[in-house]
Amino acid sequence: MRHIISILIENEAGALSRVAGLFSARGYNIESLTVAPTEDSTLSRMTVVTHGSDDVIEQITKQLNKLIDVVKLIDLAEAVHVERELMLVKVKTTDETREEVKRLSDIFRGKIIDVTLNGYVIEMTGTSDKLDAFVAALDEDAVVEVVRSGPMGMSRGEKGLHL
Amino acid sequence: MELSGGEIVVQSLEDEGVEFLFGYPGGAVLHLYDAIFHQEKVKHILVRHEQAAVHSADAYARSTGKPGVVLVTSGPGATNAVTGIATAHLDSIPMVIISGQVGTPVIGSDAFQEVDMVGITRPCVKHNFLVKNLADLAETMKKAFHVATTGRPGPVVVDIPKDITDPSIKIEYEYPREISMRSYNPVVKGHSGQIKKAVDLLLSAQRPMIYAGGGVILGEGSAELTEFAQLLGYPVTNTLMGLGGYPATDKQFIGMLGMHGTYEANMAMHESDVIIAIGARFDDRVTGKLEEFCPYAKIIHIDIDPSSISKTVKVDIPIVGQVTEVLREMLDLIKASNVRIDEKALEAWWSQVNKWRDVNCLEYDRHSEFIKPQYVVEQLYQVTNGEAFVTSDVGQHQMFASQYYHFDKPRRWINSGGLGTMGFGLPAAIGVKLAHPEADVACITGEASIQMCIQELATATQYRTPVKVINLNNRYMGMVRQWQEFSYECRYSESYMDTIPDFVKLAEAYGHVGMQIEKPGDVRPALEEAFAMKDRLVFMDFITDRTENVYPMIEAGKAHHEMKLRVAPGTPIDRELA
């Protein structure tokens, strides 16, 4: 099963490699990983998307908790949560396709953030499924470049990950 | 008080009450060594190889409970230390390893003797630090000791660039008395509800087992474990790391369990209906084939490390907490409980356990014309009155030591259980002897293992650590040969060394006493003679039976009740198998 683990970790050199190293050393999967400092600059928040049986996920969370730099973590998949991923897509356009690509982007609530004679850069956020769907809807030959942040998430309501 | 970085490190060691610093100098730590030169409280032990520095400090920690401290230089000094660090990590030994690093301006430039020590050791330490600012140094030292010694202990590396220890830059020094880390708060007290449930289950058991590991020793819980086991009257087995955590000569002790554990311990685990695991981690050398491990048992597991629980074997009642705290709480509940143990069931259980005991699985041929390694360990046990500190290397001799030396006290049995590091024994013995100068210290080793850190015979000369080296010399890497005999149709691929040094001359070359013992009848007198030489290191080269194997044995892939036993005519084993 897919799990999204959100981690608050000391914002120190090497913290990221401790987490990444743990996953590779113990043979756990990482589908995606995002990390950036939080509103408190001494803390980073990391989101790891992984999959595994309940036993494996239990070990992953225990092993992560054991890292000295990890302050707190939650498995978002355990409760209701929202998740979003950011994507930038560079699309080739011609006079004939320019309007069509823009319309498609609008349908997916994308934003065109760069326009050149030959194409667009489209910014889009949403669940990973939605981003997949948008890329699939584009003409395969028109897609020049795709960059995705990997999902990040937050639990809904009162529950959450903070000090 | 204004101090330089080098002085801060040394002063903080003094403030931590560090007696011995095991190390080896080099370019990146010269400022530090100069600071050591100017003080007398922390005694530096100069080893002959950095790996040995870590093993000696590790064994010092194992035998005293105090953290072991190491100082090595950058690059090769640091990488040489890694095997020792991994050894300590797998056995959860509290240690602080200080490594020199190239100066901060050149980090990352492939400078002379530069290696990414923090990166290399990350998977084999409890935590590590790279000190980039002099202002953080004292606090980092405090954190290192705090992390190493609390919770589940472990080694902590502090990597210090050379410019941080510059003698010309001084800052105000104050060693923090306490430290709190928001990201690190080990659990101490167990969950009361879980403890209550565990006690209810324990009291209702028909075929109970107490399975205790190294956590009991690390957590100083031997007294509590002994009281707990004796109050209940249940059989006790120890892991390799747990030996001495429960008195081996007590009638409730049924030996070590696992791959080379006793028949009675493994059979009892297999048939048990309630097992309480205390500070043990269901290691693969204990469980054998996981799917068939303890099929009838409900399992209670006490451990300080949540990640040890249900890692390999799913348990029914997990309790995270300090072993002494949890056992004390259990003792109170048991004493206050009006539930009585089913004495009839317990009696029947003991009579079954005793039948397994009667198989006498550790019996061996006592009439051989060759010296049996088991016999040497038995005699060592008698000559030292069971009071010695025994370190070991890794292989057959390690198993013979664990089977035939009966440890009644914790911290007396010092071996590399988790990593299985050959070369551990001799430097370990030196570390133990420094900590316990009055005690008998024996290093049980083999002719292959001993050669991995043989250079430490010089350290032993320099610091006058008169340990006794018990070399069980069978001219083979015995354990490798045994596996090749059982699983590779006796193809002894590279498990034999063509040239073995003359250990007597070698010992003498280092200034020690060497003895070679070839006849069974000479074993006892030689041991008595050696241990009478209180102020000399005696290297005892016992020429043992080349073909001897360690029994019982659970072969790879087999379940823990499927043991290979030694079958000798006329022994009770024979009857059992018939």
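It should be emphasised that the depicted structure is a prediction, and the values quoted were computed from it without experimental measurement. Residue positions are given per chain, counting from 1 as you read along its sequence in written order. Following the order in which they are written, the chains are lettered starting with A and the ligands numbered starting with 1. In view of the model being predicted, local features appear only for residues whose pLDDT reaches at least 70, and side-chain atom pairs are presented and counted only at 80 or more, with totals across whole chains, interfaces and linings using the full set of residues.

(A) View of the sheet that holds strand E3 (residues 43-51) of chain A. Residues and elements named next belong to chain A. The pairing criterion for strands is at least two bridges between them, as found by DSSP. Helix and strand labels come from DSSP, where a helix needs a run of H or I of at least four residues and a strand needs a run of E of at least two; each type is numbered from the N terminus. A sheet is described by the order of its strands in space; here four strands give the open sequence E2-E3-E1-E4, paired in antiparallel fashion. What marks the edges here is a single partner per strand, and that holds for strand E2 (32-37) and strand E4 (70-75). The mean inter-strand angle of the sheet, taken between neighbouring strand axes irrespective of direction, is 15°. Of the pairings in the sheet, the one linking strand E1 (residues 2-10) to E3 comprises nine bridges and is antiparallel in character. Counterpart to Leu8 in the pairing with E3 is Arg45. Running at roughly 145° to E1, helix H1 (residues 15-25) makes contact with E1, E2 and E3 of the sheet. We call two residues in contact when the distance between their C-beta atoms, placed using the backbone, is within 7 Å. Axis definition: a line fit to C-alpha positions, over the contact stretch in the case of helices; interaxial angles, taken between N-to-C directions, run 0 to 180 degrees. Relative to E4, helix H2 (residues 54-66) is tilted by about 160°, and along the sheet it contacts E1, E3 and E4.

(B) Representation of helix H15 (residues 396-404) of chain B in the model. Residue and element names in this part refer to chain B. As a rule, residues whose C-beta atom has 12 or fewer other C-beta atoms within 10 Å are exposed, those with 20 or more are buried, and those in between are partly exposed; C-beta atoms are placed from the backbone. The buried count for H15 comes to eight of nine residues, which makes it a mostly enclosed element. Turning to H15, its buried residues number three or more, namely Gln396, His397, Gln398, Met399, Phe400, Ala401, Ser402 and Gln403. In the core, the buried residues of H15 are packed alongside strand E11 (253-256), helix H14 (373-383), strand E15 (389-392), strand E17 (441-446), strand E18 (468-473) and helix H18 (478-487).

(C) Layout of the sheet that holds strand E9 (residues 208-212) of chain B. Residues and elements named next belong to chain B. With parallel pairing, the six strands of this open sheet are ordered in space as E11-E10-E9-E12-E13-E14. Each edge of the sheet is formed by a strand with only one pairing partner; in this case those strands are E11 and strand E14 (317-320). The mean angle between the axes of side-by-side strands here comes to 15°, regardless of whether they run parallel or antiparallel. Strand direction decides the pairing type here: E9 and strand E10 (residues 236-238), joined by three bridges, are parallel. Opposite Ile210, over in E10, you have Val236 as the bridge partner. Helix H7 (residues 192-203) contacts E9, strand E12 (274-278), strand E13 (298-303) and E14 of the sheet and is inclined by roughly 135° relative to E14. The strands that helix H10 (residues 263-271) touches are E9, E10, E11 and E12; relative to E11, the one it contacts most, it runs at about 100°.

(D) Just the packing of H14(B) against H15(B), in detail. All names here are of chain B. Interaxial distance between H14 and H15 falls to 9 Å at its minimum, and their mutual angle equals 45°. The angle between H14 and H15 falls in the class oblique. Helix-helix and strand crossings are classified by hand; for H14 and H15 the assignment is right-handed. Facing H14, whose interface residues are Pro373, Gln374, Val377, Glu378 and Tyr381, H15 presents Gln396, His397, Phe400, Ala401 and Tyr404. Should an angle fall under 35 degrees it is taken as roughly parallel, and over 145 as roughly antiparallel, whereas 65 to 115 is taken as roughly perpendicular and any remaining angle as oblique. Working rule for handedness: look at the near helix, and if it is turned counterclockwise from the far one by less than a right angle, call the crossing left-handed; if clockwise, right-handed.

(E) View of the interface of chain A and chain B. Residue-level contacts link 15 residues of chain A with 12 residues of chain B. Breaking the side of chain A that touches chain B down by element, the ones donating at least two residues are H1, H2 and E4 of chain A. Top element by residues in the side of chain A that touches chain B is H2(A). It accounts for five residues. Each residue is assigned to one class: nonpolar for Ala, Val, Leu, Ile, Met, Phe, Trp, Tyr, Cys and Pro, charged for Asp, Glu, Lys and Arg, and polar for all the others, Gly among them. Of the residues contributing to the side of chain A that touches chain B, the split by class is four nonpolar, five polar and six charged.

(F) A look at the pairing of E14(B). Residues and elements named next belong to chain B. Alternating positions in E14 separate into two faces, Ile317 and Ile319 on one and Pro318 and Val320 on the other, with burial throughout. Direction of pairing for E13 relative to E14: parallel, over a ladder of four bridges. Bridged to His301 within E14 is Pro318.

(G) Region of interest: the pairing of strand E3 (residues 43-46) of chain B. Residues and elements named next belong to chain B. Relative to E3, strand E2 (residues 20-23) is paired through four bridges, and the arrangement is parallel. The residue of E3 that forms the bridge with Phe20 is Lys43. Handedness of the crossover is the feature at issue here: the chain leaves E2, passes through helix H2 (residues 30-37), returns alongside E3, and the resulting connection is right-handed. Orient the strands so they point away from the viewer; a crossover is then right-handed if the path from the first strand over the helix to the second runs clockwise.

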